[in-house]
Amino acid sequence: MNQVDLLAFGAHPDDVEIGMGGTLAKHQQAGFSIGIVDMTYAEMSSNGTVEIRQQEAKAADEALRISFRLNLGLPDRGLKLDKSHVDEVVKAIRTYRPRVVFVPYWEDRHPDHVMCSRIVQEALFNAKLRRYMPELAAHQPEHVYFYFINDLAPADLIVDVTDVYDQKQAALYAYQSQFTCAKSGEDIVATPLNQGYVERVAARDALIGQARGIEYAEGFIYKGPYHVAYLLERES
C-alpha cells in the first residue's frame, strides 16, 4: 500500500475504536482507505491475553472494514518520549503516507494515551524533515486531528456517525475480554471497562451530537485555523 487516506494512532488495541470508530466506518463507506496503528499489545491489561486481544482487534477491524492494522510492539505502560519510540512512528507515517492522521487528545486519565499523543506529535514533526532518517522519503499529512478516549473537551469539529453507529458498537463489543462482565467461572476481574463502559461511550457520543441535533457524533480537536473558500455553499 503506497498511501492510506486516514491513519489513526492509539496506545492500545481498542483506543481508536472508542474514540473514533464511527468516523473510520463512515469514511470507509465513502471509499477512503483506513489504517490503524497500535503502539502496544496492551499486555498489561487486567483481563484477557495478548493473543485474545489480537483476535478481538481483528474482529473489530472486520466490523469497521479497516484496510490494515499495524502494531508497533512497544511496551505497554512503558511508552516514553525517546528516539527509538518516536522513530517507529516516523517509519509508519513515511511508509503509509497518510493524508490525514488521528492522534489521542493530549489530556486523558490514562498516561499511555497522553504519551502516545506526545510521541506521535514528535514523530509528525520529524517525518517531514528530509534529512531525518533519509532512507525513507519525508512526508507531511494534510491534516492532524485529535480524538477523545476517556476525557472530553469542547470539540472543534464533530462528525455525524449515527448511520454507522451499529458498526462502532460491534467493534467495541468485539473486545469481549475488555468490555464484557465476567460470567460464572470466568477469570475476569471487575474494571471500569466492563462496568457499562460501552454504554457510557454511547452516552458521550450522544452528548457530543446533541448540540447540533445529531443522534450520535464523534468530536475532534484541530490545532490551527480552518481554511475554507466560502462559509456557505451556493444554493442550486
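Everything that follows concerns the structure shown earlier in this document.
Analysis parameters
Residues numbered from 1 in each chain as written. Predicted model: local features only at pLDDT ≥ 70, side-chain atom pairs only at ≥ 80, totals over all residues. Heavy atoms only, no water. Pairing = 2+ DSSP bridges. Helix = DSSP H or I, 4+ residues; strand = E, 2+ residues; numbered from the N terminus. Axes fitted to C-alpha atoms, helices over the stretch in contact; angles between N-to-C directions. Patch = residues over 30% accessible without salt bridge, like charges linked within 9 Å, V, L, I, M, F, W, Y side chains within 5 Å. Areas by Shrake-Rupley, 256 points an atom, 1.4 Å probe, with all protein chains shown as cover. Salt bridge = Lys/Arg side-chain N within 4 Å of Asp/Glu carboxyl O. Right-handed = clockwise from strand over helix to strand, strands pointing away. Buried < 20%, exposed > 50% of the residue type's maximum accessible area, 1.4 Å probe, protein only. Contact = heavy atoms within 4.5 Å. Polar contact = N/O pair within 3.5 Å; in protein donor to acceptor, adjacent residues only side chain to side chain.

Q: I'd like to hear about the sheet that holds strand S6 (residues 157-160), residue by residue, with values.
A: As summarised here, the arrangement of the 7 strands in space is S3-S2-S1-S4-S5-S7-S6, forming an open sheet in which the pairing is mixed. Two strands bound the open sheet, and with one partner strand each, they are strand S3 (68-74) and S6. Taken pair by pair, the neighbouring strands of this sheet meet at an average axis angle of 25°, ignoring direction. By the bridge criterion, 5 bridges tie strand S4 (residues 100-104) to strand S5 (residues 143-147) in an arrangement that is parallel. Looking across to S5, one finds that valine 103 is bridged to phenylalanine 146.

Q: If you had to explain a nonpolar patch on the surface to someone new, which residues and values would you point to?
A: A cluster of nonpolar side chains, contributed by Val228, Leu231 and Leu232, occupies part of the molecular surface with about 390 Å² of accessible area. Within the secondary structure, leucine 231 sits in the segment after strand S7 (217-221).

Q: An account of the pairing of S5 is needed here, citing residue identities and associated values.
A: Handedness of the β-α-β unit built from S4, helix H4 (residues 111-127) and S5 comes out right-handed. In the sheet, S5 pairs with S7 via 2 bridges, with the strands oriented antiparallel. Paired with phenylalanine 146 across the bridge in S7 is isoleucine 221.

Q: Help me get a handle on the pairing of strand S2 (residues 34-40), residues and values and all.
A: For S2, a buried count of 7 out of 7 residues is recorded, marking the element as mostly surrounded by other parts of the structure. With 5 bridges connecting them, strand S1 (residues 6-10) and S2 associate as parallel partners. Across the sheet, residue leucine 6 finds its bridge partner in S2, namely isoleucine 34. Examined bridge by bridge, S2 and S3 share 5 bridges and lie parallel to one another.

Q: Kindly report on the environment of asparagine 126, identifying the contributing residues and their values.
A: Counting through the fold element by element, asparagine 126 comes out in helix H4. For asparagine 126 and alanine 138, which are 12 residues apart along the polypeptide, the C-alpha to C-alpha distance reads 8.5 Å. In contact with asparagine 126, not counting residues within four places along its chain, are Val86, Val90, Arg94 and Tyr132.

Q: I'd love a proper account of the side chain of aspartate 87, names of residues and values included.
A: Structurally, aspartate 87 can be placed in helix H3 (residues 83-96). Aspartate 87 gets classed as buried once you look at its relative accessible area, which sits at 10%. A distance of 2.4 Å separates the side chain of aspartate 87 from the side chain of tyrosine 132, its partner in a polar contact. In this structure aspartate 87 touches Tyr132 and Met133, once residues within four positions along its chain are discounted.

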